[in-house]
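So you can see what is in the structure, the chains are spelled out below.
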Amino acid sequence: MKTLPSLSAYLASKKRTLLTAAGITLMVAILFFLYDLPWEPFRYGLILYLLAGIWVLIMGYSRFRGRLVALEQLSERLNNHQTITQADAQILPYSRDAIDDASARVMAALVADAQARSDLSRARLKDLSDAITLWTHQIKTPIAAADMLLQNLGDAPAGTPLEATRSELSEQLFRITGYVDMALQVVRVESGSDLSLTRQPIDPILCRSIRSTAKSFIRRNIRMDYTPCLGQAVTDSKWLSFVVEQILSNALKYTASGGGVRIFPEKSAADGTLTIVIADTGIGIAPADLPRIFDKGFTGFNGRSKNKATGLGL
């Protein structure tokens, strides 16, 4: 929580009131002086006046600090992206000032409206998430059926148009499956679910991702050079595999036939940190696009030139 203002800040907020009180005291003192009145009643009155003023200031500062603490608590919750309810707004202590009371009622109404909008937004997002999840599960059935039909056709003579067509259809089915999985993963990312972090070896995860894309590398005539990565990481094996497959998919998309992709480890001499490098001989990424490659929906120059990028892969 932020540091609360000191008593001096409260007194500064009451500067006009204090100056008015000092002015009145000075005017009374001048009247006593001009009319040559005895000063004893003035001194006693001044003492009582000061005591009453101090009491008012103490009570006012107590209310001031209480309201400020409540506002800081609400501000901290908002900064932490926590939900604010109408009941939370009621923690603000009402002042005796009618303007403050009206301001508190307006704040409570705004909080209630924001909560209603937030609930509606979450409900719509859940409906959309459920629809996409249902679609991804349903679409896998015709994909599996099409893949089975291709396998049942049998082998075609090498070099014939039929063999090329079967290879291309198989490649396209593989891509469709990847896009369907991407849609499902995007929904899971938004919901923040399905994440389990444990310390585990990296090599089996990388090998699994390479095997899943091996046929595409062969069909595209793109070489894969893999150096075993024997380190460990705290990660989710399924999510890391998905990330690596997305990077390999991009490498396949933007690397010409006859090119190559390398996966190898680099160990830092300073602290021993192991970095996994995935490099290809493709067209690369424009320097101007590098700062935004992880922005959701950003496609960059190459994505626009291909006119098929979604900006969701990375």
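In this text, all values refer to a predicted model and were calculated from it rather than measured experimentally.

Some details on the overall build of the chain
Step number 1: Counting its regular elements, the chain contains nine helices and five strands.
Step number 2: The order of α-helices and β-strands along the chain, N terminus first, is α-α-α-α-α-α-β-α-β-β-α-β-β-α.
Step number 3: Within the chain, buried positions represent 23% of all 314 residues.
Step number 4: The long-range fraction of contacts in the chain, counting pairs at least 24 apart against all pairs at least 6 apart in sequence, stands at 63%.
Step number 5: Accessible surface, the chain: about 21,500 Å² in total, of which carbon and sulfur atoms supply 63%.

Structural notes on the side chain of Thr136
Step number 1: With respect to the helices, strands and loops of the structure, Thr136 is situated in helix H5 (residues 98-152).
Step number 2: Not counting chain neighbours up to four residues away, the residues in contact with Thr136 comprise Val180, Ala183 and Leu184.

Comments concerning the packing of helix H7 (residues 203-220) against helix H8 (residues 237-254)
Think of two packed helices as two axes; the pair is described by the angle between the axes and how far apart they sit.
Step number 1: The N-to-C vectors of H7 and H8 enclose an angle of 25°; their axes lie 8 Å apart at closest approach. In this view, H7 runs roughly parallel relative to H8, as classed from their interaxial angle. The element H7 and its partner H8 pack so that their crossing is right-handed. Residues Ile205, Leu206, Arg208, Ser209, Ile210, Ser212, Thr213, Ser216, Phe217 and Arg220 of H7 lie in contact with H8, whose contacting residues are Ser237, Leu240, Ser241, Val244, Glu245, Leu248, Leu252 and Lys253.
Step number 2: Its residues assigned to classes, the contact of H7 with H8 shows eight nonpolar, six polar and four charged.

Points about H8
Step number 1: Over its 18 residues, H8 extends 26 Å from the first C-alpha to the last, a length consistent with the 26 Å expected when each residue adds 1.5 Å.
Step number 2: Taken together, the buried positions of H8 are Trp239, Ser241, Phe242, Val244, Gln246, Leu248, Ala251, Leu252 and Tyr254.
Step number 3: Between the side-chain oxygen of the N-cap and the backbone nitrogen of Lys238 there are 3.0 Å, and the N-cap of H8 in question is Asp236.

Section: the sheet that holds strand E2 (residues 223-226)
Within a beta sheet, neighbouring strands are joined by backbone hydrogen bonds and run either parallel or antiparallel to one another.
Step number 1: Taken in spatial order, the three strands make up an open sheet running E2-E4-E5, and their pairing is mixed. Each edge of the sheet is formed by a strand with only one pairing partner; in this case those strands are E2 and strand E5 (274-280). Taken pair by pair, the neighbouring strands of this sheet meet at an average axis angle of 15°, ignoring direction.
Step number 2: Note: strand E4 (residues 260-267) against E5, seven bridges, orientation antiparallel. Its bridge partner lying in E5, Ile263 is registered against Ile278.
Step number 3: Against the sheet, H8 touches E2, E4 and E5, its axis set at about 25° to E5.

Structural notes on the confidence of the model for the chain
Step number 1: Averaged over all residues, the pLDDT of the chain equals 80, while 83% of them reach at least 70.
Step number 2: Averaged pLDDT values over the elements of the chain bottom out at 58 in helix H4 (residues 86-89) and peak at 94 in E2.

Regarding a nonpolar patch on the surface
Step number 1: Taken together, the side chains of Leu26, Ile30, Leu31, Phe33, Leu34, Tyr35, Leu37 and Trp39 make up a nonpolar region of the molecular surface, amounting to roughly 870 Å² of accessible area.
Step number 2: Of the residues forming the nonpolar patch, the biggest block, five residues, is contributed by helix H2 (residues 15-34).
Step number 3: Take Leu37: its relative accessible area is 36%, and that puts it in the partly exposed class.

A look at the nonpolar core
Step number 1: Membership of the largest hydrophobic core is limited to twelve residues, which are Ile202, Leu206, Ile210, Phe217, Ile222, Cys229, Val244, Leu248, Ala251, Leu252, Val261 and Ile263.
Step number 2: Among the elements of the structure, H7, H8 and E4 are those that each provide at least two residues to this core.
Step number 3: It is H8 that provides the largest number of residues to this core, a total of four residues.
Step number 4: Contacts of Leu206, omitting those with residues within four sequence positions, involve Tyr226, Cys229, Val244, Ile263 and Ile276.

Comments concerning the pattern of salt bridges
Close approach of charged atoms allows side chains of opposite charge to pair.
Step number 1: The full count for this structure, using the stated rule, is three salt bridges.
Step number 2: Asp119 is the salt-bridge partner of Arg122, the closest N and O atoms lying 2.4 Å from each other. Here Arg122 and its partner Asp119 are both found in helix H5, three residues apart, which amounts to about one turn of the helix.
Step number 3: Judged by relative accessible area, Arg122 falls into the partly exposed class, the value being 42%.
Step number 4: The closest approach of N and O atoms between Arg223 and Asp225, which form a salt bridge, is 3.1 Å.
Step number 5: With relative accessibility at 33%, the residue Asp225 sits in the partly exposed group.

A few points about H2
Step number 1: Relative to the 28 Å expected for 20 residues at 1.5 Å per residue, H2 spans 28 Å between its end C-alpha atoms, a close match to the ideal helical length.
Step number 2: A positive phi of about 50° marks Asp36, the residue just after H2.

Points about the state of the cysteines
Step number 1: Scanning all chains against the criterion turns up zero disulfides.
Step number 2: We note that Cys207 lacks a disulfide partner, and the nearest cysteine sulfur, in Cys229, lies 8.4 Å from it.
Step number 3: According to the relative accessible area criterion, Cys229 is buried, its value standing at 0%.

Here we look at the packing of aromatic side chains
What describes a pair of aromatic rings is the distance from one ring centre to the other and the angle between the planes of the rings.
Step number 1: Applying the stated criterion to the full structure yields seven aromatic pairs.
Step number 2: A ring pair is formed by Phe32 and Trp39, whose centres lie 6.1 Å apart and whose planes are at 35°; its orientation type is tilted.
Step number 3: Pairwise contacts between aromatic rings join Tyr10, Tyr61 and Phe64 into one cluster.

Conventions we followed
Residues numbered from 1 in each chain as written. Predicted model: local features only at pLDDT ≥ 70, side-chain atom pairs only at ≥ 80, totals over all residues. Heavy atoms only, no water. Helix = DSSP H or I, 4+ residues; strand = E, 2+ residues; numbered from the N terminus. Buried < 20%, exposed > 50% of the residue type's maximum accessible area, 1.4 Å probe, protein only. Contact = heavy atoms within 4.5 Å. Areas by Shrake-Rupley, 256 points an atom, 1.4 Å probe, with all protein chains shown as cover. Axes fitted to C-alpha atoms, helices over the stretch in contact; angles between N-to-C directions. Parallel < 35°, antiparallel > 145°, perpendicular 65-115°, else oblique. Left-handed = near helix turned anticlockwise from the far one by under 90°. Nonpolar A, V, L, I, M, F, W, Y, C, P; charged D, E, K, R; others polar. Expected span 1.5 Å × (residues − 1). Polar contact = N/O pair within 3.5 Å; in protein donor to acceptor, adjacent residues only side chain to side chain. Pairing = 2+ DSSP bridges. pLDDT = per-residue confidence, 0-100. Patch = residues over 30% accessible without salt bridge, like charges linked within 9 Å, V, L, I, M, F, W, Y side chains within 5 Å. Salt bridge = Lys/Arg side-chain N within 4 Å of Asp/Glu carboxyl O. Core = buried A, V, L, I, M, F, W, Y, C linked by side-chain atoms within 4.5 Å. Disulfide = S-S within 2.5 Å. Phe/Tyr/Trp six-rings, centres within 6.5 Å; stacked < 30°, edge-to-face > 60°.

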